[in-house]
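Coordinate analysis (summary)
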Amino acid sequence: MPDTVLDKLPALFATVLLGWAAARWGWLTDGARGGSRGGAVAAAADPTRVLSAAAQYLFIPALLFRAMARLDFSHMPWRTLAAFYGPLLVMMLAVYGFKRWRLQSGGGMAVSSATAVVPATRAVTAGFGNSVQVGVPLIAALYGDAGLAIHVAIVSLHALTLLTLCTVLAEADLARARLRRAGGGHGALGATVRATLRATLIHPVVLPVLAGLAWNLLDVPLPTPLDEWLQLLGSAVAPLCLLLIGLSLGRQSLHGTLRGVFSIAVLKLFVLPVLVWLTGHFVFRLEPLPLAVVVMAAALPPGSNALIFAQRYRTLETETAAATLLCTLAFALTAPLWAMVMARG
């Protein structure tokens, strides 16, 4: 693996470790040391939930709005993007469909809201890669500016596409679960569609995407003060998400999660890169450079935005955090293998 990527990994793991230590020793909980009535109120609040809410409602929306508002659709390498996103979306929908079928077979879909969102959460964890913190230095080191330009195009649509898709799936499953618990009945389909649309449109992922798209269509550049403010808010996403991984791991046991983590690792580190290679090589006939970039992008470990998704719906949080951390460790071994495969053509 290139030295620039190796230089990045210790910082990522150190931030996760900091979050783990904060959870273990209660650094973010004032009530452990007594204090005033205000301290007791602070102790009652879960710091992980507070930080996760800040990421969901403040920092990630700013990042998504700015990305969509600045996106230049006229210079996108659409064939290359199709070779990447085509198999990625197919795999995510397959993971979602299989998990949903398993839950329906066991009658678990109507048990709770958290259970209903398990398929979408597993899908986003298996598909959402760490395209910025790990992907950018990796692609830049391996393929230079030409490769990085292709990767940046992938990054520009990454969160917008995957988080929006999984949000729609999650909200549809939640609406169905609520209707089943309420007894369903005549007009249940229409009620499900209305509930899904309402919850999706006001979602902190989808709403800033739509707002950013509307701004983009106006063909008006972002005012410099607004652009700087959004960039400042968006820059908090990466360290905050890494911190949340450590906080989640420090609060709960990994017991019962390793089977799911192993499945995610196989899908994300091996199955997806193979699917993207087959699609890019045989379907879209990509040149060697864009083919190598999309395969390496597909081979990236899960990104921390998947944990934000899991924490929003309060399901599979520990599994998602563990998958993000352990797959990043495994990536140190799998990345050189994929790089050698692509170098040999």
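Rules of the game
- Residues numbered from 1 in each chain as written.
- Predicted model: local features only at pLDDT ≥ 70, side-chain atom pairs only at ≥ 80, totals over all residues.
- Heavy atoms only, no water.
- Helix = DSSP H or I, 4+ residues; strand = E, 2+ residues; numbered from the N terminus.
- Buried < 20%, exposed > 50% of the residue type's maximum accessible area, 1.4 Å probe, protein only.
- Contact = heavy atoms within 4.5 Å.
- Salt bridge = Lys/Arg side-chain N within 4 Å of Asp/Glu carboxyl O.
- Phe/Tyr/Trp six-rings, centres within 6.5 Å; stacked < 30°, edge-to-face > 60°.
- Lys NZ or Arg CZ within 6 Å of the ring centre and 35° of its normal.
- pLDDT = per-residue confidence, 0-100.

Brief notes about the overall build of the protein
Assigned secondary structure in the protein consists of 15 helices and zero strands. In the protein, which comprises 345 residues, the share counted as buried stands at 49%. Counted over contacts in the protein with a minimum sequence separation of 6, partners at least 24 positions apart contribute 84%.

Details of the pattern of salt bridges
Pairing is possible between side chains that carry opposite charge, provided their charged atoms lie close to one another. Enumeration over the complete set of coordinates arrives at six salt bridges. One salt bridge in this structure joins R70 and D227, with 3.4 Å as the shortest N-O distance. Here D227 lies in helix 10 (residues 224-234) and R70 lies in helix 3 (residues 47-70), a separation of 157 residues in the sequence. In this structure, the salt-bridge partner of R100 is D173, at a minimum N-O distance of 3.1 Å. Taken together, the positions of R100 in helix 4 (residues 78-105) and D173 in helix 7 (residues 135-182) put the pair 73 residues apart, joining distant regions of the chain. One network of salt bridges, with partners in common, ties together R66, R70 and D227.

Digging into the packing of aromatic side chains
Under the defined criterion, the tally for this structure stands at seven aromatic pairs. Taking the centre distance of 4.8 Å and the plane angle of 90° together, the rings of F84 and Y85 count as edge-to-face. Just as F84 is buried, Y85 falls in that class too. Arranged with centres 5.6 Å apart and planes meeting at 90°, the rings of W277 and F282 form a pair that is edge-to-face. A residue is classified by how much of its surface remains accessible, and W277, at 25% relative accessible area, is partly exposed. Overall, F282 belongs to the partly exposed group, its relative accessible area being 47%. Each member of the aromatic cluster is reached from another via a ring pair, and the members are W20, W25 and W27. The cationic tip of R312 hangs over the ring face of Y313; the distance from NZ or CZ to the ring centre is 5.7 Å.

Focus: the confidence of the model for the protein
Residues with a pLDDT of 70 or more make up 87% of the protein, whose mean pLDDT is 85. Confidence, expressed as mean pLDDT per element, reaches its minimum in the protein at helix 2 (residues 37-44) with 44 and its maximum at helix 13 (residues 288-298) with 97. Considering only residues more than four positions removed or in separate chains, one finds that residues 31-44, a stretch of pLDDT under 50, has five contacts.

So, helix 14 (residues 305-313)
By the criterion of burial, helix 14 is predominantly enclosed, with eight of the nine residues buried. Inspection of helix 14 places N305, A306, L307, I308, F309, A310, Q311 and Y313 among the buried residues, and these make up the whole buried set. Those residues of helix 14 that are buried lie in contact with helix 3, helix 5 (113-116), helix 6 (118-127), helix 7, helix 11 (237-251) and helix 15 (317-343). Looking one or two residues beyond helix 14, the residue adopting positive phi is R314, at roughly 55°.

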